[in-house]
Amino acid sequence: SPVTKKIPRETLEKTERHPCYSFGAHHKFARMHLPVAPQCNISCNYCNRKYDCTNESRPGVTSEVLSPVAAGSKFIRVREKIPNLSVVGIAGPGDALANWPETRKTIELIQASDPEVVFCLSTNGLMLPAYAPEIVELGIKHVTVTVNCVDPEIGSKIYRHVFYQGRKYKGIEAARILLENQLAGITYLARHGVLVKVNIVMMIGVNDGHIQAVVKRVKELGAFITNIMPLIPAQGSVFENFSQTPVKALNEMRDLCQEELQQMRHCQQCRADAIGMLYDDRSPEFRSPVEKGRT
Ligand code: SF4
Ligand code: SF4
């Protein structure tokens with residue numbers, strides 16, 4: 001496709017070592033997530049804030065939170081034991097960009113100890129217009145943005161509120177700010193050689209009739225792949241009584257959307273502190289003794 005042709009060489013080279021963006025890489029390379037981002041700046045109705053962000057992570061277990069310095073030394077420990085470690089991702093447990101100073105510091109520390117590492121970030125996209133230029137400057141080529149809708153009215157059913165520039169917004173106004181920033185951020189990143197993966201949480205009765213429109217829109221803006229994920233209702237969230245999205249409905253939607261854009265099907269919705277190959281989480285080995293006692 002014209003979009004794929006424009007992908008710069010450096011981005012392609014990094015993608016070949018990224019187990020999530022490249023299907024061929026997922027059984028060769030390992031990734032680790034560093035949980036340095038505890039805060040969030042929006043409130044999704046499927047989130048209960050006790051669990052890792054559903055942007056990228058399965059609800060169920062809270063990850064430890066690390067300081068950038070602790071994250072940097074954990075990276076060194078893990079790399080010694082897992083030589084095929086190629087990717088470091090920052091995926092929560094909140095939003096990578098709602099904790100941008102910590103996220104940025106972590107990336108800089110790791111880049112100083114190993115310039116070959118491929119980084120990825122996942123975010124709800126609210127702060128992308130503010131930080132996308134820095135993301136590009138840092139050389140990050142893989143960003144995941146969760147875009148559940150492109151219509152603020154549908155968004156008002158998904159997002160309870162948005163904290164933006166010191167104010168709290170609700171309803172359609174909140175959704176409009178979030179969606180505008182997501183779409184502007186995707187556009188900027190795609191134009192600057194970043195591969196953008198868009199996660200979409202499929203919620204029956206909320207956005208399931210609208211997912212094809214989301215895929216079409218983000219493709220127009222330059223997204224590389226979409227990852228349609230099931231809603232896994234979290235206890236204590238507004239959507240706790242919703243039913244989990246059936247696998248059959250999910251796969252049918254992926255098949256439909258595949259005609260528009262490449263679909264990711266091997267995402268494991270890893271924890272914010274996942275370590276190792278995609279199908280073999282080794283994070284318990286690397287948790288601190290205190291953390292082991294808690295989980
Ligand atoms: Fe929770 Fe949504 Fe924030 Fe992720 S982006 S931590 S799911 S409120
Ligand atoms: Fe890859 Fe999905 Fe796991 Fe992220 S959550 S590391 S995209 S498999």
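Residues numbered from 1 in each chain as written. Chains lettered and ligands numbered in written order. Predicted model: local features only at pLDDT ≥ 70, side-chain atom pairs only at ≥ 80, totals over all residues.

(A) Quick look at the overall build of the chain. Scanning the chain for helices and strands turns up ten helices and eleven strands. Within the chain, the proportion of its 295 residues that are buried is 45%. (Helix = DSSP H or I, 4+ residues; strand = E, 2+ residues; numbered from the N terminus. Buried ≥ 20, exposed ≤ 12 C-beta atoms within 10 Å, placed from the backbone.)

(B) Summary view of the sheet that holds strand β8 (residues 195-202). Spatially, the eight strands line up as an open sheet ordered β9-β8-β5-β4-β3-β1-β10-β11, and their pairing is mixed. The open sheet has two edge strands with one neighbour each: β9 (225-230) and β11 (280-281). Pairing geometry for strand β1 (residues 30-33) and strand β3 (residues 85-90), over four bridges, is parallel. Bridging from a neighbouring strand, Met-32 pairs with Val-88 of β3. Running over the sheet, helix α8 (residues 211-220) touches β8 and β9 and is turned about 170 degrees from β8. (Pairing = 2+ DSSP bridges. Contact = placed C-beta atoms within 7 Å. Axes fitted to C-alpha atoms, helices over the stretch in contact; angles between N-to-C directions.)

(C) Structural context of the site of ligand 1. Around ligand 1 sit eleven residues, and of these Cys-40, Cys-44, Cys-47, Cys-53 and Asn-124 come closest. The class makeup of the residues in the shell around ligand 1 is five nonpolar, five polar and one charged. (Near = placed C-beta within 6 Å. Nonpolar A, V, L, I, M, F, W, Y, C, P; charged D, E, K, R; others polar.)

(D) Up close: the pairing of strand β7 (residues 167-170). Here four bridges tie strand β6 (residues 159-164) to β7, and the two strands are oriented antiparallel to one another. Looking across to β7, one finds that His-161 is bridged to Lys-170. Hairpin connection of β6 to β7: two residues between the antiparallel strands, including Gln-165 at a positive phi of 45 degrees.

(E) Main features of the nonpolar core. Within the largest apolar cluster, 80 residues are counted, with the highest numbers of intra-cluster contacts made by Val-143, Leu-178, Ile-186, Val-196 and Ile-200. For this core, the leading source of residues is helix α7 (residues 171-191), giving nine residues. In this view, Val-196 contacts Val-143, Val-145, Ile-186, Leu-189, Ala-190, Gly-222, Ala-223 and Phe-224; residues no more than four positions away in its chain are not counted. (Core = buried A, V, L, I, M, F, W, Y, C linked by C-beta atoms within 7 Å.)

(F) The packing of helix α5 (residues 128-137) against α7, seen in detail. Running from amino to carboxyl end, α5 crosses α7 at an angle of 15 degrees, the nearest separation of the two axes being 9 Å. Here α5 is positioned roughly parallel relative to α7, judged by the angle of their axes. In this structure, α5 meets α7 at a crossing whose hand is right-handed. Residues Leu-128, Pro-129, Ala-132 and Ile-135 of α5 form the contact with α7, whose participating residues are Asn-181, Gln-182, Ala-184, Gly-185, Tyr-188 and Leu-189. (Parallel < 35°, antiparallel > 145°, perpendicular 65-115°, else oblique. Left-handed = near helix turned anticlockwise from the far one by under 90°.)

(G) Layout of unusual backbone geometry. Backbone torsion omega between Gly-92 and Pro-93 reads 10 degrees, so that peptide bond is classified as cis. With respect to the helices and strands, the residue Pro-93 is situated in the loop between β3 and α4 (100-113). A positive phi is found at Gln-165, a non-glycine position, where the angle reads about 45 degrees. Looking at Gln-165, the number of C-beta atoms within 10 Å reads 7, which means it is exposed.

(H) Quick peek at the environment of Asp-95. Its place among the elements puts Asp-95 in the loop between β3 and α4. Under the C-beta neighbour-count criterion, Asp-95 is labelled buried, with 27 such atoms within 10 Å. Between the alpha carbons of Asp-95 and Val-36 there is a distance of 9.4 Å; along the sequence they are 59 residues apart. When sequence neighbours within four positions are dropped, the list of residues in contact with Asp-95 reads Ala-37, Gln-39, Cys-40, Asn-41, Cys-53, Thr-123 and Asn-124.

(I) Spatial organisation of the sheet that holds β6. In space, the three strands of this open sheet follow the order β2-β6-β7, with antiparallel pairing throughout. The sheet terminates laterally at β2 (42-44) and β7, the two strands that pair on one side only. Averaged over all pairs of adjacent strands, the angle between their axes in this sheet comes to 20 degrees, without regard to strand direction. Bridge count between β2 and β6: three bridges; the pairing is antiparallel. Looking at β6, one finds that Cys-44 is bridged to Tyr-159. Helix-sheet contacts for α7 involve β2, β6 and β7, and the interaxial angle to β6 is about 60 degrees.

Read these as geometric descriptors, not functional statements.
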